[in-house]
Amino acid sequence: MFDIKWIRDNPDAFDQAMSQRKNVSVRASDLIGIDERRRQIISRLNEAQEKRNVFSKQIGQAKAQKDDARAAELMAEVARLKEIIPAGEAEERDVEKELRDALSAIPNMAYDDVPVGDDEAGNVEYFGPNGSPETAAKARPPKPVFAFAPKEHFDIGVAEKDMDFETAAKLSGSRFVILKGQIARLERALGQFMLDLHTSEFGYLEVQPPVLVRDEAMFGTGQLPKFDGDFFFTAHGENRLALIPTAEVPLTNMVRESILAEEELPLRFAALTSCFRSEAGSAGRDTRGMLRQHQFNKVELVSITTPEQAISEHERMLAAAETVLQRLGLHYRVMTLCTGDMGFGARKTYDIEVWLPGQDTYREISSVSVCGDFQARRMEARYRPAGEKQAPRYVHTLNGSGTAVGRCLIAVLENYQQEDGSVLIPEALQPYMNGLTSIGGR
RNA sequence: GGAGAGAUGGCCGAGUGGUCGAAGGCGCACGCCUGGAAAGUGUGUAGGCGGGGAACCGUCUCGAGGGUUCGAAUCCCUCUCUCUCCGCCA
């Protein structure tokens, strides 16, 4: 969420940034108009309140001096103010809500170094902070070479048996899957491996958060109010709870409504959770296979930082997510999303796209975003700078997948498939598979 | 689900109608003390909003909303959340 004061001071920069976003038509002047009305109302109300307070104090003094005539006089004065004040308070509430509602629906502003573009065609490949195509190629696993035509994951022998869409459809409808046997185990191994990597090598604190959250939490990270239709909700008494679309929601909201000490930062949280997405708008895309499901597992990384730490933390988080694919020997590329393709709350996003030989294409497996103070402002999450007494400042928040487990399963299957329908197990995963080196063999 | 207790500043905790944005403690900052540190000691230390170049001034906020009152942290109502006991339960 934007700071109205910033918009007031930088209306042109705001309009410029919004023009680069997709489907956004808001203008700074609209918001400033509301704000001017708001400030007028507040000024008038404050004056009336001040008078009331002064008179009330004088009434107390008059009564103490037994000057009842004076007290009665003042009380009549206050009575008149009390006709004005409640109306002013109601007006203030309304205009505050009007402003907040308007600001809540506005997406974040891209950093200056984000490429400008309308859609994914405008994304730009990224090779690291000081990287080049050559250094990146060295750090990243190569594409696998096949002596046969590689299949899509659902057509691979082992998956035909243990990846069951038909039965899942009977239980839950389309876009659900049942994993069985060694595929189920492989999925579990991937989640464990990722979580262990991030906690032991990158300093993330393992967290097991709720997967049902209130609307306020969804608002805090920016899923609500704009994208209500994309999520599942369960009835809960008079209210509802959302099934998290990503653990970003509970992990980031862990610091909501708090003032942290600077020394505590950065905070780094990692969680392996199920995620639930209704994805109403995506009907028809990727209908085959388990690429796009209503329910999937994902390891999520969240960092809470000072404003100064945010940019380097973004690179660090990307590196943590990349390490997953490097250890698994999966070929991938990294894209910097352009302004038109970024999510609602992001100031800059890197997507990691893993190579899927069965599809002969790269597919998103991780998205790593830095959100600035956008979410912090919605959550009221601040920290107190160390040293001389200073006012609290909003923290900066980052989130990234590290990585999507279901999609990673697809990637392992497609990249390590053998002609006989079996699949080799990457070395890093073997300890999690009781030493198995392949599955689905005869 | 039943019964009871509670929600106050960064944290802990006092405060049952005015002088309370709020005692005391912890923490933190600055100073004194010290060769340096610890200990000790003194002072300071909530946030939002509005106005102002600033110092500062005003206003709101003691879980949330509403009410009583000239005046509410304090009284009344509703809601939310937390804790304890009982029941149920993975």
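Keep in mind the model is a prediction, meaning the values are calculated, not measured.

Reading the values: rules and limits
Residues numbered from 1 in each chain as written. Chains lettered and ligands numbered in written order. Predicted model: local features only at pLDDT ≥ 70, side-chain atom pairs only at ≥ 80, totals over all residues. Heavy atoms only, no water. Helix = DSSP H or I, 4+ residues; strand = E, 2+ residues; numbered from the N terminus. Buried < 20%, exposed > 50% of the residue type's maximum accessible area, 1.4 Å probe, protein only. Contact = heavy atoms within 4.5 Å. Areas by Shrake-Rupley, 256 points an atom, 1.4 Å probe, with all protein chains shown as cover. Lys, Arg positive; Asp, Glu negative; His and termini not counted. Charge placed at Lys NZ, Arg CZ, Asp CG, Glu CD. 1 Å grid on protein atoms, 1.4 Å probe; cavity = no way out; pocket = protein on both sides within 12 Å on 5 of 7 lines; lining within 4 Å. Points joined across faces, edges and corners; volume = space filled by probe spheres on them. Expected span 1.5 Å × (residues − 1). Bend = angle between axes of the 7 residues up to and from the residue. Pairing = 2+ DSSP bridges. pLDDT = per-residue confidence, 0-100. Axes fitted to C-alpha atoms, helices over the stretch in contact; angles between N-to-C directions. Core = buried A, V, L, I, M, F, W, Y, C linked by side-chain atoms within 4.5 Å. Nonpolar A, V, L, I, M, F, W, Y, C, P; charged D, E, K, R; others polar. Disulfide = S-S within 2.5 Å.

A.B. asks: Before we go on, may I ask you to explain the overall build of chain A in this structure?
C.D. replies: Broken down by element type, chain A carries 13 helices and 18 strands. Reported as C-alpha extents along the three principal axes, the dimensions of chain A are approximately 105 × 50 × 40 Å. The buried share among the 442 residues of chain A stands at 49%. Here the contacts in chain A between residues at least 6 apart in sequence split such that 72% fall between residues at least 24 apart. On chain A, roughly 21500 Å² of surface is accessible, and the fraction owed to carbon and sulfur atoms is 48%. Averaging the locations of the 54 positively and 67 negatively charged side chains of chain A gives two centres separated by 3 Å.

A.B. asks: Any chance you could explain empty space enclosed by the protein here in plain terms?
C.D. replies: To find leftover empty space, a probe the size of one water molecule is rolled over the atoms. Applying the stated criterion across every chain yields a total of one cavity of 30 Å³ or more. Considering only enclosed or pocket space, the largest cavity measures out at about 30 Å³ in volume. Breaking the lining of the largest cavity down by element, the ones donating at least two residues are α11 (310-328) and β12 (348-356). Sorting elements by how many residues they give to the lining of the largest cavity places α11 first, with three residues.

A.B. asks: How should I be thinking about helix α4 (residues 68-104) in this particular structure?
C.D. replies: The α-helix winds at 3.6 residues per turn, so residues separated by three or four positions along the chain end up facing the same way. Here α4 is 37 residues long and its end C-alpha atoms lie 52 Å apart, about the 54 Å a rise of 1.5 Å per residue gives. The largest bend along α4 reaches roughly 25° and is located at Lys82, with the proline Pro86 sitting one to four residues downstream. Considered for burial, the residues of α4 that qualify are Ala71, Leu74, Val78, Leu81, Ile85, Gly88, Val95, Leu99, Leu103 and Ser104.

A.B. asks: Help me understand the environment of Ala271, please; the structure alone is not making it clear to me.
C.D. replies: Position of Ala271 relative to the elements: it lies in strand β9 (residues 267-276). Accessibility expressed as a relative area gives 0% for Ala271, which makes it buried. Each C-alpha atom, one on Ala271 and one on Ser401, is 9.8 Å from the other, the two residues being 130 residues apart in sequence. Apart from residues no more than four positions distant in its own chain, Ala271 is found in contact with Leu195, Val207, Pro209, Ala247, Leu251, Lys298, Val299 and Glu300.

A.B. asks: How do you make sense of the pairing of strand β10 (residues 295-305) when you look at a structure like this?
C.D. replies: Within a regular beta strand, the side chains point alternately toward one face of the sheet and then the other, so they alternate between its two faces. The buried count for β10 comes to nine of eleven residues, which makes it a mostly enclosed element. Pairing geometry for β9 and β10, over ten bridges, is antiparallel. Opposite Ser274, over in β10, you have Asn297 as the bridge partner. Bridge count for β10 against strand β16 (residues 396-404) is seven bridges, and the pairing is antiparallel. Bridge pairing links Ile304 to Thr397 in β16.

A.B. asks: Any chance you could explain the confidence of the model for chain A here in plain terms?
C.D. replies: Do not read the fine detail of predicted coordinates wherever pLDDT is low. This prediction gives chain A a mean pLDDT of 91; 98% of its residues lie at or above 70. The ipTM assigned to the predicted complex is 0.81, against a pTM of 0.92.

A.B. asks: Is there a simple way to explain the sheet that holds β16 in this structure?
C.D. replies: Paired through backbone hydrogen bonds, the strands of a sheet run either parallel or antiparallel to each other. If you trace the eight strands from one edge of the open sheet to the other, you get β1-β11-β12-β13-β16-β10-β9-β4, paired in mixed fashion. Among the strands making up the open sheet, the edge pair consists of β1 (124-126) and β4 (205-206). Pairing between strand β11 (residues 332-336) and β12: five bridges, direction antiparallel. Looking at the pairing, Arg333 lines up with Glu353 of β12. Across the sheet, α11 lies against β1, β9, β10, β11, β12, β13 (361-370) and β16, angled at about 5° from β16, the strand it touches most. Sheet strands touched by helix α13 (residues 405-415): β9, β10, β12, β13 and β16. Its angle to β16, the strand with the most contacts, is close to 35°.

A.B. asks: Where do I start with the nonpolar core in this structure?
C.D. replies: Here is a general trend for soluble globular proteins: nonpolar side chains tend to be buried in one another's company. Residues Leu186, Leu190, Leu325 and Leu413 are the most contacted members of the largest nonpolar core, which totals 60 residues. If near-sequence neighbours (up to four positions away) are discounted, Leu413 is found in contact with His153, Ile156, Val158, Met163, Ile183, Leu186 and Val423. If you look at the next biggest cluster of nonpolar residues, it comprises 24 residues, including Leu267, Phe269, Ala271 and Tyr383.

A.B. asks: Please clarify how the layout of surface pockets should be interpreted in this entry.
C.D. replies: Of the volumes computed, that of the second largest pocket is approximately 290 Å³. As for the second largest pocket, its lining consists of 14 residues, and the residues nearest its centre are Met1, Phe2, Ile4, Leu99 and Leu103. Counting residues per element, the ones that place at least two in the lining of the second largest pocket are α1 (4-9) and α4. Ranked by residues supplied to the lining of the second largest pocket, first place goes to α4 with four residues. Tallied by class, the residues present in the lining of the second largest pocket amount to six nonpolar, no polar and eight charged.

A.B. asks: Help me understand the state of the cysteines in this model?
C.D. replies: Disulfide: a covalent bond formed between the sulfur atoms of two cysteine residues. Counted by the stated rule, this structure contains zero disulfides. Cys338 takes part in no disulfide bond, and the closest cysteine sulfur, belonging to Cys371, lies 17 Å away. Among the cysteines around Cys371, which has no disulfide bond, Cys275 carries the closest sulfur, lying 16 Å off.

A.B. asks: Help me understand the side chain of Glu322, please; the structure alone is not making it clear to me.
C.D. replies: In this fold, Glu322 is placed in helix α11. Using a relative accessible area of 11% as the deciding quantity, one classes Glu322 as buried. Once residues lying within four places of it in the same chain are set aside, the contact partners of Glu322 are Arg140, Tyr332, Val334 and Ile352.

A.B. asks: What am I meant to see in the sheet that holds strand β5 (residues 212-213) here?
C.D. replies: Here three strands make up an open sheet; going across it, the order is β5-β7-β6 and the pairing antiparallel. Among the strands making up the open sheet, the edge pair consists of β5 and β6 (233-236). Bridge analysis of β5 against strand β7 (residues 239-243) gives two bridges, and the strand direction is antiparallel. Following the sheet pairing, Val213 is matched in β7 by Ala242.

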